[in-house]
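Okay, here's what each chain looks like letter by letter:
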Amino acid sequence: MDAARARKIADRIQQVVAEMLERRIKDPRLGFVTVTDARITNDLSDATVFYTVFGSEAERADSAAALESAKGLIRSEVGRQTGLRHTPTLTFTHDPLPDTARHLDGLFAEAKARDAEIAKKAEGAQHAGEADPYRRPDEDEDGFEDGEEEPSERAGRSAT
């Protein structure tokens, strides 16, 4: 099967499942569920629907049970609306991506706070030693490059 066609069908399955959860499935165990993605195999036999649940672990478990019990009704509607000869089997999988993103956001905020703390401590700090600790090979000890005269010597010589 063409990968582009499979992706279009997966997108349509995602839309159908989201509409079904919003309008037709009236299971009280079903929490605030968001369908995040749908993927289908290239032979169009199996579809995986990824979802998130806003709430606690108990609400996630209840929503998973509600989705499993409504799987047949959702699958029949997917078959009707996609027009496929063989309706793919549906598998509902909790999507860990939002939880992972929330965890990473917390880590980034912690790193930003630590960076700000270090910058605050370094605000009034001075270098230990000279500001430019590197000695260049083309400079003499007086700070002028080799063959270069002091400005006062040049000024005296050009006046004569």
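One can find the structure itself at the top, above this paragraph.
A short tour of the structure in this document, coming up. (Residues numbered from 1 in each chain as written. Predicted model: local features only at pLDDT ≥ 70, side-chain atom pairs only at ≥ 80, totals over all residues. Heavy atoms only, no water.)

**Digging into the overall build of the chain**
No. 1: Check the secondary structure of the chain and you find five helices and three strands.
No. 2: Helices and strands in the chain line up, N terminus first, as α-β-β-α-α-β-α-α.
No. 3: Across the 160 residues of the chain, 24% fall into the buried class.
No. 4: Considering only residue pairs separated by 6 or more positions, the chain has 61% of its internal contacts joining residues 24 or more positions apart.
No. 5: Counting every atom, the chain has about 11700 Å² of accessible surface; 52% of that belongs to carbon and sulfur. (Helix = DSSP H or I, 4+ residues; strand = E, 2+ residues; numbered from the N terminus. Buried < 20%, exposed > 50% of the residue type's maximum accessible area, 1.4 Å probe, protein only. Contact = heavy atoms within 4.5 Å. Areas by Shrake-Rupley, 256 points an atom, 1.4 Å probe, with all protein chains shown as cover.)

**Observations concerning unusual backbone geometry**
No. 1: The backbone phi angle of Leu44 is positive, close to 60 degrees, even though this residue is not glycine.
No. 2: With respect to the helices and strands, the residue Leu44 is situated in the loop between β1 (32–40) and β2 (46–54).
No. 3: Taking the relative accessible area as the measure of exposure, Leu44 reaches 9% and is therefore buried.

**Things to note about the packing of aromatic side chains**
No. 1: All told, the structure shown has one aromatic pair when counted by the stated rule.
No. 2: Relative to Phe54, the ring of Phe32 has its centre 6.3 Å away and its plane inclined at 85 degrees; by these criteria the two rings are edge-to-face. A residue pair is termed long-range when its members are at least 10 positions apart, and Phe32 in strand β1 and Phe54 in strand β2 qualify at 22 residues. Across the pair, Phe54 and Phe32 agree in class, each one exposed. (Phe/Tyr/Trp six-rings, centres within 6.5 Å; stacked < 30°, edge-to-face > 60°.)

Scope: geometric values only; no functional claims are made or implied.
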